[in-house]
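Next come the chains, spelled out residue by residue.
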Amino acid sequence: YLFLNQCSPPMITELKSTDEFEDYETKQDGIGLLGLIREVMCGVEKHLQSTWALVQANKALYTFWQQNNMPNDEYLKLFNSRVTVLETLGGRLPVHEALVMAKLKVMGVSSEDEEKPNDEVMAKAFESAQKEYLALLALSGANGARFGGLRDKLENESLFGNDNYPKDQAELLHIMNKYKPEIARIQRNPQKNTEELAFIQAGGG
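Parameters and conventions
Residues numbered from 1 in each chain as written. Predicted model: local features only at pLDDT ≥ 70, side-chain atom pairs only at ≥ 80, totals over all residues. Heavy atoms only, no water. Helix = DSSP H or I, 4+ residues; strand = E, 2+ residues; numbered from the N terminus. Contact = heavy atoms within 4.5 Å. Areas by Shrake-Rupley, 256 points an atom, 1.4 Å probe, with all protein chains shown as cover. Core = buried A, V, L, I, M, F, W, Y, C linked by side-chain atoms within 4.5 Å. Buried < 20%, exposed > 50% of the residue type's maximum accessible area, 1.4 Å probe, protein only. pLDDT = per-residue confidence, 0-100. Axes fitted to C-alpha atoms, helices over the stretch in contact; angles between N-to-C directions. Left-handed = near helix turned anticlockwise from the far one by under 90°. Nonpolar A, V, L, I, M, F, W, Y, C, P; charged D, E, K, R; others polar. Parallel < 35°, antiparallel > 145°, perpendicular 65-115°, else oblique. Salt bridge = Lys/Arg side-chain N within 4 Å of Asp/Glu carboxyl O.

(A) View of the overall build of the chain. Each helix and strand counted, the chain has 12 helices and 0 strands in total. Seen in sequence order, the chain has helices and strands lined up from the N terminus as α-α-α-α-α-α-α-α-α-α-α-α. Of all intrachain contacts in the chain linking residues separated by at least 6 positions in sequence, the fraction that spans at least 24 positions is 67%. When the accessible surface of the chain is summed, it comes to about 13200 Å², and 52% of that surface belongs to carbon and sulfur atoms.

(B) Main features of the nonpolar core. Counting residues in each nonpolar core, the largest one holds 24 residues, and the members touching the most others are Leu61, Tyr75 and Phe79. Looking at this core, the elements with two or more residues in it are helix H5 (50-62), helix H6 (72-88), helix H8 (119-140), helix H9 (144-159) and helix H10 (169-178). Among the elements that make up this core, the one with the highest residue count is H6 (7 residues). Not counting the four nearest positions on each side in its chain, Phe79 is found in contact with Leu61, Phe64, Leu134, Leu137, Ala138 and Gln169. Counting residues in hydrophobic clusters, the runner-up holds 8 residues, among them Phe21, Leu33, Ile37 and Val40.

(C) Spatial organisation of the confidence of the model for the chain. Across the chain, pLDDT averages 82, with 79% of residues at or above 70. Mean pLDDT across the secondary structure elements of the chain bottoms out at helix H12 (residues 194-201), with 46, and peaks at H10, with 97. Counting interchain partners and residues more than four positions distant, the pLDDT-below-50 stretch residues 194-205 has 13 contacts.

(D) Spatial organisation of the environment of Glu14. Tracing the backbone through its elements, the reader meets Glu14 in helix H2 (residues 9-16). Linking Glu14 and Ile37, residues 23 residues apart in sequence, is a C-alpha distance of 9.4 Å.

(E) Molecular detail of the packing of helix H7 (residues 97-106) against H8. Here H7 crosses H8 at 115°, and the two axes come no closer than 8 Å. Our pair here, H7 against H8, has a crossing hand that is right-handed. Across the interface between the two elements, Leu99, Val100, Lys103 and Leu104 from H7 touch Val121, Met122, Ala125, Phe126, Ser128, Ala129, Glu132 and Tyr133 from H8. Class assignment for the residues of the contact of H7 with H8 results in 9 nonpolar, 1 polar and 2 charged.

(F) Here's a closer look at the packing of H6 against H10. One way to put it is that H6 packs onto H10 with a least axis distance of 10 Å and a crossing angle of 150°. In terms of their interaxial angle, H6 and H10 are classed as roughly antiparallel. Note that H6 runs across H10; the crossing there is right-handed. Here H6 contributes Asn72, Asp73, Tyr75, Leu76, Phe79 and Asn80 to the contact with H10, which in turn contributes Gln169, Leu172, Leu173, Met176 and Asn177.

(G) How the structure looks around the side chain of Gln169. Take Gln169: it is sitting in helix H10. If we skip the residues at most four places from it in the chain, Gln169 touches Leu76, Phe79, Asn80, Leu134 and Ala135.

(H) Summary view of the pattern of salt bridges. What the rule picks out here adds up to 7 salt bridges. A salt bridge links Glu127 to Lys131; the shortest N-O distance between them is 3.5 Å. With Glu127 and Lys131 both in helix H8 and 4 residues apart, this pair spans about one turn of that helix. Taking relative accessible area as the criterion, Glu127 reaches 43% and is therefore assigned partly exposed. Within this structure, Lys103, Glu132, Asp163 and Lys167 form a network of salt bridges that share partners.

Given below as structure tokens:
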């Protein structure tokens, strides 16, 4: 597989040390190998006690943040790899009932209706709530120097009843790519990047 050739020698060694690698390679299971690569990249150790492994996978997702100079698409790719690892271990993202009910309300379905929404409607509401939850979780970990102002802007707008938060990651990526950070914010942010600041001051981007 081509993607194996792109792995570093240390990663290849770590992949081969797993219980699954030989089976995936024998069966030419590319999907399985990709999943295994994600797990190794995220530091998932399946030999760990199951509850502890899930705790570590959750922690890896919720504490992941975008470093300086990390491209937006790469950030979201790495973010989603941590989501995949969590799900591979049997974990589930929390989609709270309140979020699903809010989506049902947007769809014109009230909790006071005599007839409960059917499974198809509930599935759509759940999927919509999950997509928005993931998008905003990713937004919360976006680089502070570049997107702290964006988070403040969206929060301030919501105070006036304007919900302009992205509803999925495609919308989030579009906003991140188009958003122009405030220079003053970059200057006082401890994560500031000198090259990035000089580029903006010169009128780039």
